Amino acid sequence: MKRTTTIIVSVFALGLVSYAGRTVETGYRVVDVVQAGSITGTVTYDGAVPDIPTLTVDKNVDVCGTSIADPNATVVNSQSKGVRWVLLYLEEVSEGKAPPERFVLDNEECEFRPHVMGAVAGHPFIIENSDPVLHNTHIRFGSTLERTRRTVFNGALSFHEGEPQYRPIENPRVLRRSGWIDIQCDAHEWMQGYGLVLEHPYFAVTDEHGAYELTEVPPGTYTLKLWHENLGEQTREVTVQPGASATADFTLKPTS
Amino acid sequence: MDRQRIAWLTLSNAALVVLTTGPALAQMPIEVAAYNDRPPVNEQTIAEGKRIYDLSCVHCHGTAGRGDGPVAYFLNRSFGPHPRNFTDGVFKFRSTYSGDAPTDEDLFRSVTKGIPGFMPGFNGLAPAERWKVIYYIKTFLPEDLLEFEPEVVEIVGEPLPANAASIRRGYEVYQQLNCWECHGPGGQGDGPKAPDLEDDWGFPLPSADLTRPSSFKNGSRPEDIYRTIVTGLDGGAMTSFVDMMRGREEDIWHLVNFVLALSR
Amino acid sequence: MWWTPTDSRLHETGRVRPIHRFALQAAALGLTTTILPMSGFAATGNDAGLEGPVPAFARKYNLSCNVCHTREPRLNPFGQRFQENGYQLPGTEDGGTSLKTLLGGPGPLDGATLDEVTNFLAARLRAEVQQSFVRQKTVSEDPDFRSFPNVVNVFFAGSATRNVSFYFETEFAPPAESEEAKVEFERVMLILTNLGRYQLANIRIGKIDPSAFFAFPTHRQQMNPIFPVAESEEFPPEIARIPVLPMAFAAKMFGLTRGSEHQGEEGFSILPFEPFFFNAPATTGAMLWGRPLGELFLYQIGVAQDETAEDEPGVRWDPYGLLRFDFLLGPYTALQLSGFYYYAKNAARPTLAPMGNVVFGEPVDWRRWGVGARLHYRFLDIYGTVIWDDIDDVVFPGPPLTLSEWDTQGLGVSLEADWVIHQNWFLGVRWDFMDPGGLVKLPPLLQGEDPEINQDASLLGGILKFYPVPNVGLYARSHFNLLGSVQFPAALGGDEHPARNPTVISALGVDMAF
């Protein structure tokens with residue numbers, strides 16, 4: 001509590017005193033990680049591999065195609081049973097590795113790529129458009145379900161058709177604060193993305209086999225959290241020994 | 001039946017109309033100097049702002065700025081827009097980039113002019129009083145918004161002559177930017193997407209009927225329409241075209257001419 | 001058919017209504033419920049769903065009606081502030097000149113004005129068509145058929161300068177069966193606002209509604225009066241049907257008149273069921289009000305002009321005062337409490353008419369005081385008032401009239417709950433109760449064993465209103481008498497007591513405002 005108050009006060013003071021580079025000060029400190037460990041694992045599905053519904057597309061069919069796999073479906077690998085698009089992140093980390101410079105969201109083949117992403121507050125957010133059609137990215141903070149989502153970006157993207165004008169948007173606002181973001185395209189209502197903005201870079205999204213890896217983790221005990229849009233959340237304590245790799249595998253059950 | 005009396009009443013009423021509207025019909029310039037006539041931001045001016053807020057604003061915007069005054073519940077309950085909840089930090093009428101706070105001048109414009117159909121213009125308050133109430137309203141804004149200095153979207157160029165060629169080009173841009181999807185092929189707010197539009201608060205939101213410029217909530221001058229196109233209306237459905245149209249500002253002015261032509 | 005007269009006496013006297021009369025009424029009703037709403041649609045364009053600005057001040061300010069009204073004519077807390085402020089929104093007092101500045105203009109703040117009269121001057125044309133149906137235990141008249149339309153009311157209001165406003169309202173009532181058509185000044189007033197200091201003092205002069213700031217103002221009822229059928233020229237008055245209006249407002253006194261000078265005039269007999277004094281629709285006078293201590297508290301003092309009931313009548317000035325407290329309780333919630341006192345010196349005379357000879361008692365002073373409260377929560381608007389009336393002791397020159405029994409106190413209660421169910425639907429429920437005073441019993445010789453004259457009255461009513469467009473409301477309402485049958489003393493006609501005679505009073509109607 002005291003720490004949070006200090007952070008808020010110092011952030012506010014910093015914001016008032018020096019406004020530089022449009023970055024947001026956070027409580028996270030970048031250090032050289034000594035004897036870094038890692039957390040790896042896979043997320044598998046305990047149940048019959050679900051079908052992915054196909055949505056019919058009736059707009060920009062030349063680019064989007066006439067049908068598209070439902071981006072909101074649970075994606076499970078039929079061989080490995082690995083669950084894709086699971087976000088894993090550490091709850092609180094005060095210091096550690098340097099985060100990526102920027103976070104990129106692409107509109108490609110009328111889908112958001114990636115579908116689920118982590119990001120670090122205070123960094124630029126790049127929105128690209130690889131499709132030669134008008135995409136209209138609408139990003140909101142907060143939860144759709146709890147009706148607390150609030151627009152933080154709503155903008156039309158330039159596109160390849162008029163090549164000279166095309167440029168990605170480098171937006172300094174989307175990652176202004178930490179929290180969940182909900183990403184939609186107002187031009188293509190099926191497009192859906194999710195993001196979690198954290199103050200530190202210790203997060204990962206599972207690949208098509210359900211595997212993930214958190215690298216350069218300072219030794220210590222952490223709360224590892226898991227989130228999947230359809231299969232819910234899980235929490236686990238994980239201890240990272242110096243220089244070692246900790247394993248944390250998860251099994252997700254279908255929600256009834 | 002008492003015809004004389006009715007005739008007299010009609011006449012006297014008519015006379016009253018003439019007598020009371022003469023001066024009102026004159027052009028009413030509004031003080032431009034008001035922008036520069038700003039009191040300092042301090043505890044005292046914020047306290048005075050609260051006094052004015054409690055007099056003029058609290059009935060709709062609520063005691064805590066959450067848009068929940070006793071009157072608010074009756075305003076368009078089943079559809080948007082509703083009185084703004086300042087603590088959400090989402091503002092439609094900005095000159096700034098999507099996601100940014102409005103500038104103080106933007107708030108001043110909204111307080112002064114009101115929002116046609118929805119909010120009265122509080123031009124009966126002295127400019128200094130309006131500034132003070134804005135200082136108080138800003139205390140409701142979320143911190144992360146306040147500490148992030150808003151960046152004003154530059155209005156590039158000037159309105160172009162509204163000739164046939166410009167309007168025709170504006171129509172092409174209207175098609176290209178998919179404006180018709182919400183605003184309708186004829187601009188009457190009846191596009192295929194219009195019935196499904198929602199604001200951030202989950203309320204259905206009617207799409208603006210561009211054939212009725214008096215309903216333009218963000219202003220109906222060419223500059224106002226340009227501003228609305230480039231900044232979008234955060235919290236509503238209107239998207240920001242500043243990034244997409246960078247380098248094509250002339251096309252925006254053509255689009256402005258087309259939009260204005262819709263109501264002529 | 002429940003509204004058809006059932007009293008056999010009507011048939012005996014040949015006053016059976018021919019069938020074509022029913023056909024005519026049905027046709028008129030059909031007109032009111034179909035054609036007029038359609039004309040409403042036509043007048044307002046396609047704004048039905050959008051709450052497009054409609055009459056009067058909503059048009060002047062280009063705002064939704066709901067900025068000031070819960071449902072017209074009730075004002076919400078902001079509407080009350082607007083009314084108090086001389087029909088200028090707090091913070092927009094500019095004398096009505098720059099209100100309609102369009103957004104935009106050459107400079108950042110310059111703008112052009114919209115040259116429409118209605119944007120500077122609030123104007124409203126209101127018309128109401130009402131067909132009422134009465135079921136009474138005895139029927140001494142045809143159920144009242146109001147011609148077409150019932151009431152047409154026009155008002156203009158606006159601001160001449162920053163501190164001077166005016167209000168001008170006229171009303172036309174078409175000829176009814178017993179009355180001629182009437183055009184009347186409903187309210188005409190000059191309003192001076194924010195004198196001395198902002199909110200310190202405001203003045204209204206003219207024909208005003210003293211109860212304008214009370215929790216239950218006389219003029220702002222969701223259930224408009226269903227008019228009485230009564231003859232007040234003579235004493236005792238002949239009340240064929242009591243009016244349906246909040247009984248708390250009523251005079252609540254039997255056996256009083258306005259004095260010998262008014263004998264034979266309409267209004268000579270004071271009708272116990274008609275609104276009176278502070279709660280009269282309009283009185284000539286002046287009032288002063290303000291909020292010197294801020295938003296919490298409002299004071300109001302005023303005088304109302306009338307004539308004394310003395311043998312040599314003169315002008316009397318009735319003083320009155322009101323206090324109101326306003327609380328904003330939290331999200332979507334507001335509460336107000338108000339109380340008033342009204343004093344009228346020599347306002348009435350107790351009157352008896354043994355064997356047809358009218359005899360007056362000594363003039364009496366009349367005191368009225370009331371409390372009211374209003375709770376506003378989301379779509380609910382609950383308000384009510386209790387009003388007490390108190391007159392001096394009754395003195396008659398000599399026996400046997402001194403043997404008559406009088407009650408110097410009367411009490412009335414009106415409670416209403418309104419609910420905006422939906423943009424287009426409105427439901428209101430009202431309970432009215434009256435424990436009247438005045439004449440209790442005639443001298444024993446005349447009264448015999450008959451029941452008391454000042455019988456309690458109690459009506460429970462409801463209204464369901466549908467708004468196809470915001471400015472046209474179609475309504476159905478009914479008021480049920482909660483109390484049983486009581487006979488009037490034989491000396492006063494021996495018929496059913498007027499408060500007990502109706503069993504159900506209903507009305508269908510259309511309320512339009514443009």
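Parameters at a glance
Every residue gets a number counted from 1 within its own chain, in the order that chain's sequence is written. Key to labels: chains lettered from A, ligands numbered from 1, both in the order written. With pLDDT at 70 or above as the cut-off, local features in this predicted model cover only qualifying residues; side-chain atom pairs require 80 or more to be listed or tallied, and sums for whole chains, interfaces and linings still use all residues. Numbering of helices and strands runs from the N terminus; a helix is a DSSP stretch of H or I covering at least four residues, while a strand is a stretch of E covering at least two. The exposure scheme places C-beta atoms from the backbone and then counts, for each residue, the other C-beta atoms within 10 Å of its own, assigning buried at 20 or more, exposed at 12 or fewer, and partly exposed in between. The contact criterion used is a C-beta to C-beta distance within 7 Å, with each C-beta placed from the backbone. Polar here means any residue outside two lists: the nonpolar Ala, Val, Leu, Ile, Met, Phe, Trp, Tyr, Cys and Pro, and the charged Asp, Glu, Lys and Arg; Gly therefore counts as polar. Strand pairing follows a simple DSSP-based rule, namely that at least 2 bridges must link the two strands. Under this scheme, a helix contributes an axis fitted over its contacting stretch, all axes are lines through C-alpha atoms, and angles between N-to-C directions fall in the 0 to 180 degree range. For the purposes of this description, domain bounds are those given by an automatic or database domain assignment. An angle below 35 degrees is read as roughly parallel, one above 145 as roughly antiparallel, one from 65 to 115 as roughly perpendicular, and any other as oblique. Working rule for handedness: look at the near helix, and if it is turned counterclockwise from the far one by less than a right angle, call the crossing left-handed; if clockwise, right-handed. Under the convention used throughout, the expected extent of a helix is 1.5 Å for every residue step, that is, one less than its residue count.

Chemist: For this particular structure, what's the right way to read the overall build of chain C?
Modeler: Within chain C, the regular secondary structure consists of five helices and 23 strands. Expressed as a percentage of the 514 residues in chain C, the buried residues total 49%. Excluding contacts between residues fewer than 6 apart, the proportion of contacts in chain C whose partners are at least 24 apart in sequence is 61%.

Chemist: Help me understand the interface of chain A and chain B in this model?
Modeler: Size of an interface, as often reported, equals the accessible area lost when the parts are brought together. Taken together, the contacts link 26 residues of chain A with 28 residues of chain B. Ranked by residues supplied to the side of chain A that touches chain B, first place goes to strand β12 (residues 150-156) of chain A with seven residues. In terms of residue class, the side of chain A that touches chain B is built from eleven nonpolar, seven polar and eight charged.

Chemist: Please clarify how the pairing of strand β11 (residues 136-141) of chain A should be interpreted in this entry.
Modeler: When a strand is regular, its side chains alternate between the sheet's two faces. All names here are of chain A. For β11, the tally of buried residues reaches six of six residues, placing the bulk of the element in the interior. Burial along β11 is two-sided: the face carrying Asn136, His138 and Arg140 and the face carrying Thr137, Ile139 and Phe141 are both buried. Taken together, the six bridges between β11 and β12 define a ladder with antiparallel strand orientation. Along β12, the bridge assignment pairs Phe141 with Arg150. Note: β11 against strand β14 (residues 179-185), five bridges, orientation antiparallel. Bridging from a neighbouring strand, Arg140 pairs with Asp182 of β14.

Chemist: Whenever I open this one, the sheet that holds β12 of chain A confuses me. Can you help?
Modeler: Backbone hydrogen bonds are what pair the strands of a sheet, in a parallel or an antiparallel way. Residues and elements named next belong to chain A. If you trace the five strands from one edge of the open sheet to the other, you get β9-β15-β14-β11-β12, paired in mixed fashion. The strands lining the two open edges of the sheet, one partner per strand, are β9 (116-120) and β12. Pairs of neighbouring strands in the sheet enclose a mean axial angle of 20°, with direction left out of account. Here β14 runs beside strand β15 (residues 192-198); their pairing, made up of six bridges, is antiparallel. Residue Asp182 lies in a different strand from β15, and its bridge partner there is Tyr194.

Chemist: Mind showing me how you'd approach the domain arrangement of chain B here?
Modeler: Residue and element names in this part refer to chain B. Taken as a whole, chain B is organised into domain 1 (33-146) and domain 2 (164-261). Of note, the centres of domain 1 and domain 2, computed from C-alpha atoms alone, are 25 Å apart. In this assembly, 18 residues from domain 1 lie in contact with 20 residues from domain 2. In terms of residue class, the side of domain 1 that touches domain 2 is made up of nine nonpolar, seven polar and two charged.

Chemist: Would you mind showing me how to read the packing of helix α2 (residues 43-56) of chain B against helix α5 (residues 127-138) of chain B here?
Modeler: When two helices pack together, their arrangement is captured by the angle between the axes and the distance separating the axes. Residue and element names in this part refer to chain B. Contact geometry of α2 with α5 gives a least axis separation of 7 Å together with a crossing angle of 95°. In terms of orientation, α2 lies roughly perpendicular with respect to α5. Where α2 approaches α5, its residues Thr45, Ile46, Glu48, Gly49, Lys50, Ile52 and Tyr53 are matched on the opposing element by Glu129, Lys132, Val133, Tyr135, Tyr136 and Ile137. Its residues placed into classes, the contact of α2 with α5 shows seven nonpolar, two polar and four charged.

Chemist: Mind showing me how you'd approach the sheet that holds strand β8 (residues 111-113) of chain A here?
Modeler: Residue and element names in this part refer to chain A. Strand order in the open sheet formed by four strands is β8-β7-β10-β13, and the pairing between neighbours is mixed. For this open sheet the edge positions go to β8 and β13 (169-171), each flanked by a neighbour on one side alone. Strand-to-strand twist across the sheet, computed as the mean angle between neighbouring axes with direction ignored, equals 20°. Pairing analysis gives three bridges linking strand β10 (residues 125-129) to β13, with the strands arranged antiparallel. Pairing of Phe125 across the sheet is with Asn171, part of β13.

Chemist: Which parts of the structure should I look at to understand the environment of Ala157 of chain C?
Modeler: Mapped onto the elements, Ala157 of chain C comes out in strand β2 (residues 151-161). The contacts of Ala157 of chain C, once residues within four sequence positions are left out, are Tyr87, Ala122, Ser165, Phe166, Tyr167 and Phe168 of chain C.

Chemist: How should I be thinking about the packing of helix α9 (residues 222-231) of chain B against helix α10 (residues 249-261) of chain B in this particular structure?
Modeler: Residue and element names in this part refer to chain B. Running from N to C, α9 and α10 cross one another at 115°; their axes reach a closest spacing of 9 Å. The hand of the α9/α10 crossing is right-handed. For the pair formed by α9 and α10, the contact residues are Pro222, Ile225, Tyr226, Ile229 and Val230 on the first element and Ile252, Trp253, Leu255, Val256, Val259 and Leu260 on the second. Partitioned by chemical class, the residues of the contact of α9 with α10 number eleven nonpolar, no polar and no charged.

Chemist: Help me understand unusual backbone geometry in this model?
Modeler: Most peptide bonds adopt trans geometry, and most residues besides glycine take a negative phi value. Residue and element names in this part refer to chain A. The omega torsion of the bond from Arg113 to Pro114 falls at 0°, within 30 degrees of zero and hence cis. Take Pro114: it is sitting in the loop between β8 and β9. Unlike most non-glycine residues, Lys81 shows phi in positive territory, near 60°. Position of Lys81 among the secondary structure elements: in the loop between β4 (67-69) and β5 (87-90).

Chemist: Honestly, α10 of chain B in this entry has me stumped. Any pointers?
Modeler: Two residues of an α-helix separated by three or four positions point the same way, owing to the 3.6 residues in each turn. Residue and element names in this part refer to chain B. Relative to the 18 Å expected for 13 residues at 1.5 Å per residue, α10 spans 18 Å between its end C-alpha atoms, a close match to the ideal helical length. Buried residues of α10: Ile252, Trp253, His254, Leu255, Val256, Asn257, Phe258 and Val259, and no others. Considering only its buried residues, α10 is in contact with α7 (164-176) and α9.

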